[in-house]
Amino acid sequence: MRTGVIAEKVGMMGLFQDNGDQLPVTVLRIDSTVVDTRTKEKDGYTAVQMGFKAAKDKHLAKPQKGHFAKLKQDPKRVLKEFRVSEDCLVPAGSVIAANHFVVGQLVDVTGTSLGKGYAGVMKRHNFHGDNATHGVSRTHRSGGSTGNREWPGRVVKNRPMPGQLGNEQVTVQNLKVVAIDEARNLVMVQGAVPGFDEGIVFIQDAKKRSAQKVGPVPAGLKVAEVKEEPKAEVAPEATEVKTEEATVKE
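A short tour of the structure in this document, coming up. (Residues numbered from 1 in each chain as written. Predicted model: local features only at pLDDT ≥ 70, side-chain atom pairs only at ≥ 80, totals over all residues. Heavy atoms only, no water.)

### Considerations on the sheet that holds strand β5 (residues 76–83)
Now for step 1: What the four strands build is an open sheet, ordered β5-β4-β3-β6; its pairing is antiparallel. Edge strands, defined here as strands with exactly one partner in the open sheet, are β5 and β6 (95–96).
Now for step 2: As paired elements, strand β3 (residues 32–38) and strand β4 (residues 47–54) share five bridges and run antiparallel to each other. Pairing of Thr33 across the sheet is with Gly51, part of β4.
Now for step 3: Against the sheet, helix α2 (residues 62–71) makes contact with β3, β4 and β5, and its axis sits at roughly 85 degrees relative to β3, the strand it touches most. (Pairing = 2+ DSSP bridges. Helix = DSSP H or I, 4+ residues; strand = E, 2+ residues; numbered from the N terminus. Contact = heavy atoms within 4.5 Å. Axes fitted to C-alpha atoms, helices over the stretch in contact; angles between N-to-C directions.)

### Thoughts on the side chain of Thr46
Now for step 1: With respect to the element layout, Thr46 can be found in the loop between α1 (40–43) and β4.
Now for step 2: The class for Thr46 is buried, based on a relative accessible area of 13%.
Now for step 3: At 2.5 Å, the side chain of Thr46 forms a polar contact with the backbone oxygen of Val84. (Buried < 20%, exposed > 50% of the residue type's maximum accessible area, 1.4 Å probe, protein only. Polar contact = N/O pair within 3.5 Å; in protein donor to acceptor, adjacent residues only side chain to side chain.)

### Describing the environment of Met161
Now for step 1: With respect to the helices, strands and loops of the structure, Met161 is situated in the loop between α3 (121–125) and β9 (163–164).
Now for step 2: Relative accessible area serves as the criterion here: at 32%, Met161 is assigned to the partly exposed category.
Now for step 3: Linking Met161 and Gly144, residues 17 residues apart in sequence, is a C-alpha distance of 9.8 Å.

### A short note on the nonpolar core
Now for step 1: Counting 27 residues, the largest nonpolar core has Met50, Phe101, Val107, Val109, Val187, Val189 and Ile203 as its most contacted members.
Now for step 2: At the level of elements, β1 (5–16), β2 (22–30), β4, β7 (106–112), β10 (169–181), β11 (186–190) and β12 (200–205) are the ones that each hand at least two residues to this core.
Now for step 3: With sequence-adjacent residues up to four places away left out, Ile203 is seen in contact with Gly4, Val5, Ala7, Leu28, Phe101, Val107, Asp108 and Val109.
Now for step 4: By size, the runner-up hydrophobic cluster in this structure holds eight residues, among which are Val25, Val27, Leu186 and Met188. (Core = buried A, V, L, I, M, F, W, Y, C linked by side-chain atoms within 4.5 Å.)

### Looking at the packing of aromatic side chains
In this description, an aromatic ring pair is defined by two values, namely the gap between the centres and the angle between the planes.
Now for step 1: The tally for this structure, following the rule as stated, stands at one aromatic pair.
Now for step 2: A centroid spacing of 6.3 Å and a plane angle of 75 degrees characterise the contact between Phe82 and Phe202, whose relative ring orientation is edge-to-face. One end of the pair, Phe82, is in strand β5; the other, Phe202, is in strand β12, and 120 residues separate them in sequence. An identical accessibility class is assigned to Phe82 and Phe202; each is buried.
Now for step 3: The ring of Phe82 carries Lys80 above its face, with NZ or CZ at 5.9 Å from the centroid.
Now for step 4: For Lys80, the ring lying beneath its charged end belongs to Phe202, and the centroid distance is 4.9 Å. (Phe/Tyr/Trp six-rings, centres within 6.5 Å; stacked < 30°, edge-to-face > 60°. Lys NZ or Arg CZ within 6 Å of the ring centre and 35° of its normal.)

### A word on the pattern of salt bridges
Now for step 1: Applying the stated criterion to the full structure yields six salt bridges.
Now for step 2: Linking Glu8 and Arg29 is a salt bridge whose minimum nitrogen-to-oxygen distance equals 3.2 Å. A residue pair is termed long-range when its members are at least 10 positions apart, and Glu8 in strand β1 and Arg29 in strand β2 qualify at 21 residues.
Now for step 3: Take Arg29: its relative accessible area is 35%, and that puts it in the partly exposed class.
Now for step 4: We note a salt bridge from Lys53 to Glu8, for which the minimum N-O separation is 3.3 Å. (Salt bridge = Lys/Arg side-chain N within 4 Å of Asp/Glu carboxyl O.)

### Points about the side chain of Thr110
Now for step 1: Within the secondary structure, Thr110 sits in strand β7.
Now for step 2: Residue class for Thr110 comes out buried when judged on its relative accessible area of 10%.
Now for step 3: Within the structure, the side chain of Thr110 is placed 2.9 Å from the side chain of Thr171, a separation counted as a polar contact.
Now for step 4: Setting aside anything within four residues of it in sequence, one finds Thr110 in contact with Gln169, Val170, Thr171, Ile200, Val201 and Phe202.

### Describing the sheet that holds β1
Now for step 1: Strand order in this closed barrel of six strands is β1-β2-β11-β10-β7-β12, and the pairing throughout is antiparallel. Between one strand and the next, the sheet's axes are offset by a mean angle of 50 degrees, whatever the strand orientation.

### Quick word on the pairing of β2
Now for step 1: Bridge count between β1 and β2: nine bridges; the pairing is antiparallel. Each bridged residue has a counterpart across the sheet, and for Lys9 the counterpart in β2 is Leu28.
Now for step 2: Between the antiparallel neighbours β1 and β2 lie five residues, among them Gly20 with a positive phi of about 95 degrees.
Now for step 3: Pairing between β2 and β11: five bridges, direction antiparallel. Within β11, the residue paired with Thr26 across the bridge is Val189.

The structure is reproduced here in structure tokens:
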């Protein structure tokens, strides 16, 4: 089981295929750095702790500052643990790249859905509503009775009722990866992803599709760019040229 990654939702766009079909895709920018690891000998389980984007010290709490100082890592805005198998542990300091996933594989994306405020039962729970006639007055969109006198004599738990809609963690499963841009560290998945643009999402290999082609094991790591130093120009050695003076006799 490989590690997941933390990404940023860029937005949606249309991607044309070779046959002319246009697919609605969501563009996700991966920005994950391995901050720490959990081993079975030390912690009792194996996991990888990921960090998302750099953070300023003034935005961190005191325990967070101590955590990063102990690990000698740069502060991160968001921390997230992903359970992994022992053969998929990634050393701290590694940066995950877009090639962690491959085109054609299925992934699960977790994000925070858009908050829609206080909503009624028709919008929140898809109730069909009351009749529009036959004596019904001012209760067309109400939820009806929530309990009776003798039994149960109370409102049972988890009864669908009006309340807060959205602004909760939602996981969309089995989204297909249709394109990858390694230069800009982008992953494009077919379909919609919960949350607003520039929101934080978590991407993992599809849990209900174990028998599928996945990216490199243990992870797709970003290769550090090696800058070649400019070579010093060597001046050509001066060569002495001897010339004989020609004498002209009249």
